[in-house]
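What follows is the residue order along each chain.
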Amino acid sequence: MGKILRLLGTCLTAAFLLGSLPHISQAAEVKAERDIVQTERQDGREFCLRYQVRAEDALGLRKPGRLLIVVDNSLWAADLAEEPLGQAYEEGKPHKAIGEGETLYMEQEGRFLPVSLREGQWKASGGQTAGERTAQGDVFSCPLYTKGEAQTKGEHIREAVQALLESLVQDAPDTEIGILRAGGRVDVSSVVAAGEGKEVLKAFLEEQKPQGQQNFPAALTLAADLAEESSLPVCLVILAAGTEPLSGEKALLCQSQVQRIRELGGRSFVGVLEDLEKENDAFWQSLASAPGEEHCFFHADPALCLEAAGKHTAGAFQVEIRERLDPRFTLSLPEQSRLEKAGAQVQQAEGVWQVSWPVELYGDRPWEGELTVEARTDFPGGNGVPVGAEGAGVYTQGGQIGEFPPVKANVGASLVLENRQAEIFLGETVPSLWKGEKIHQAMMKGPAPNWYGKGRTGAFSFQWETEAGAAAGTSEELGKTKPRADTVYRLRAIFTPIGSGTGAAGKPVERLEAEGTYAVSVKPGTLRVRMFGDDITQESRLVLAVSGPGQSYALTACPEADPQSGKLVLEAELRNLPYGKYTVTPLGAAGKGFAPQECLLGVCRENDTVDTARRFGVVRFVYQTGRAG
């Protein structure tokens, strides 16, 4: 119950604004404004879009309305709206005598009824006895409570109506307001414009005291009379503190008077401040527009009911505000969550984000909103980048009625190169690819540049040079180079933005430069030839011919002690060889009878790939006795 009543102020305000505020016809013009600012994020790639949408009635179709509020000031309004927050008095034991003017409260079937001292007994207004005064003090037959900070239902109603008055004085001062009481006395305040009669209406509310039984038939008859005498659009709000069963002629009279107002084009909203039995629920719903529907009747969740009421009320201009982002921009996960919690619809299709806000425009107050966007990580940045995509604007069921002005941003760019290293075999060319990317792209920190089909916003240029400063050309030209020793190449990268950035949000992007190194380690091959035999002496020699990739060699194998057996062997060695296949042929008399042997340096025999781990090769020959030269 407490939750329901705390929402009452919001619901009452919404009921009127949606049902009776100055009408904005579907012919109204919409002014849609959008601007953009750069946030404080240091990389300069985050921006805040700010919106303001206003309905402008160029045809002068707005008219003030008449709001009639029927408030329940019967004894139901004296009930507490929530559990009492003050002192509790136990039953069956004497308590110090309580002042005669004090009001206590007893619980009965979920209600907290006021109890007062009358002729020595504590009694509720309905006659229920809750205790008596004795010589020992007050003795209660059930627990009683003081009010404390809790409010009565009547106080809740008064507080809600007063808040509505304050709102109307500011937003719709020409709106005519009449407040009717539906308790033991049925009367009406002066029907006055909110701006002029604020104090009169507030005084009428303040003097309202709960008394008697509900008398909605008489109050609604008076409301229908006031509606008929007005040429203005009418909205009726009925606020009932309790629900006495109404049937027969009384129920029919209430329904017929509400129907008189409907026939004038008016709308009726009903708020009941307690949960209802099924039979009673149907009656109170019948007083709401339209009968049997929940969109003008609220008790369980007033805010949702009135939101639905707004969708069926001509007084509010229903629009959808739609933002569509250029594919170069995206929404962070926190921003998506914030938007969805605020009631916006967020979706992404074919790389384009769309955010939609369902909005009701009324009066002269604009709708304002914000959206934080950021450039995608693989978009390099640049000046004057459009942030919105085609289709952003204001829509109704009939289509687009307003378009946002274009906004552009200077998206911060960064250019950082990461150093790379490679190892090659002597004779290989410098690798121009790195994990499938061109080496200059692989050295750029971050993902490869993506322009999203929108044209480049800047130009990259790359130039290689040696550590000594000699030009080494492009990456393609570098890939044709065969260094013979370890070499460090330096890459110089430049990003030149297109456009000056004037008129766009954010600091303009300027020309950027960066340098990085590409260290290429060159591994040469070594070929060793070994001749084994029993009669090798210190004077033995063997001349060898070696042919390899593009070059031939001649060398002589000389005696060396084998480290394992200690015997003499003939050895020869060639160093700083490029990768490839080598053929070793013994020459001279000592070499007769030996077949040439092949050796692969750096080459994997299974798949012909080059591997620097295979840079050592050995060819073995075995002497026959008597052949040592």
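Since the model is a prediction, treat every value here as computed from it, not as a measurement.

Q: Can you tell me about the side chain of Arg 530, naming the residues and giving the values?
A: Here Arg 530 shows up in strand S33 (residues 525-532). For Arg 530, the residues in contact, after removing those within four places along its chain, are Asp 562, Pro 563, Val 569, Leu 570, Glu 571, Val 618, Val 619, Arg 620 and Phe 621.

Q: An account of unusual backbone geometry is requested, with residue identities and associated values reported.
A: Its identity as a non-glycine residue notwithstanding, Glu 119 has a phi of 55°, on the positive side. Given a relative accessible area of 83%, Glu 119 falls into the exposed group. Located in the positive-phi region is Asp 608, a residue other than glycine, with phi close to 60°. Here Asp 608 shows up in the loop between strand S38 (597-601) and strand S39 (616-622).

Q: Tell me about the nonpolar core, residues and numbers included.
A: Core analysis: the biggest nonpolar cluster contains 82 residues, and Trp 357, Leu 371, Tyr 518 and Leu 527 have the highest contact counts within it. Contacts of Leu 371, omitting those with residues within four sequence positions, involve Phe 47, Cys 48, Leu 49, Tyr 51, Glu 323, Leu 325, Leu 331, Glu 335, Arg 338, Leu 339, Val 355 and Trp 357. Listed in part, the 26 residues of the second largest apolar core include Ala 182, Ala 223, Cys 254 and Trp 284.

Q: I'd love a proper account of the pairing of strand S19 (residues 345-349), names of residues and values included.
A: Strand direction decides the pairing type here: S19 and strand S20 (residues 352-361), joined by five bridges, are antiparallel. Within S20, the residue paired with Gln 348 across the bridge is Trp 353. In sequence, S19 turns back onto S20 through a hairpin of two residues, with Glu 350 there showing a positive phi of about 55°.

Q: Tell me about the sheet that holds S38, and name the residues and values.
A: Read across the open sheet, the seven strands follow the order S38-S37-S34-S35-S36-S33-S39; overall the sheet is mixed. Unpaired on one side and paired on the other, S38 and S39 mark the two borders of the sheet. With strand direction ignored, the average angle separating the axes of adjacent strands in the sheet is 25°. Judged from the six bridges that link them, S33 and strand S36 (residues 568-577) form a sheet pairing that is antiparallel. Considered in S36, the bridge of Met 531 is made with Leu 570.

Q: Tell me about the environment of Lys 209, and name the residues and values.
A: Inspection of the secondary structure puts Lys 209 in the loop between helix H4 (194-206) and helix H5 (216-228). Taking the C-alpha atoms as reference, Lys 209 lies 8.5 Å from Ala 77; in sequence the two are 132 residues apart.

Q: Break down the packing of aromatic side chains for me, citing the residues and quoting the values.
A: Taken as a whole and judged by the stated rule, the model has 17 aromatic pairs. Taking 6.5 Å as the distance between ring centres and 80° as the angle between the ring planes, the aromatic pair formed by Phe 47 and Phe 329 counts as edge-to-face. Here the residue Phe 47 occupies a position in strand S2 (residues 46-56), and Phe 329 occupies one in strand S18 (residues 329-330), the gap between them amounting to 282 residues. A relative accessible area of 0% means that Phe 47 is categorised as buried. With relative accessibility at 0%, the residue Phe 329 sits in the buried group. Here Trp 464 and Tyr 518 contribute two aromatic rings whose centre-to-centre distance is 5.8 Å and whose plane-to-plane angle is 50°, an arrangement assigned as tilted. Of this pair, Trp 464 sits in strand S29 (residues 458-466) while Tyr 518 sits in strand S32 (residues 512-523); the two residues are 54 residues apart in sequence, bridging distant segments of the chain.

Cut-off values and rules
- Residues numbered from 1 in each chain as written.
- Predicted model: local features only at pLDDT ≥ 70, side-chain atom pairs only at ≥ 80, totals over all residues.
- Heavy atoms only, no water.
- Helix = DSSP H or I, 4+ residues; strand = E, 2+ residues; numbered from the N terminus.
- Contact = heavy atoms within 4.5 Å.
- Buried < 20%, exposed > 50% of the residue type's maximum accessible area, 1.4 Å probe, protein only.
- Core = buried A, V, L, I, M, F, W, Y, C linked by side-chain atoms within 4.5 Å.
- Pairing = 2+ DSSP bridges.
- Axes fitted to C-alpha atoms, helices over the stretch in contact; angles between N-to-C directions.
- Phe/Tyr/Trp six-rings, centres within 6.5 Å; stacked < 30°, edge-to-face > 60°.

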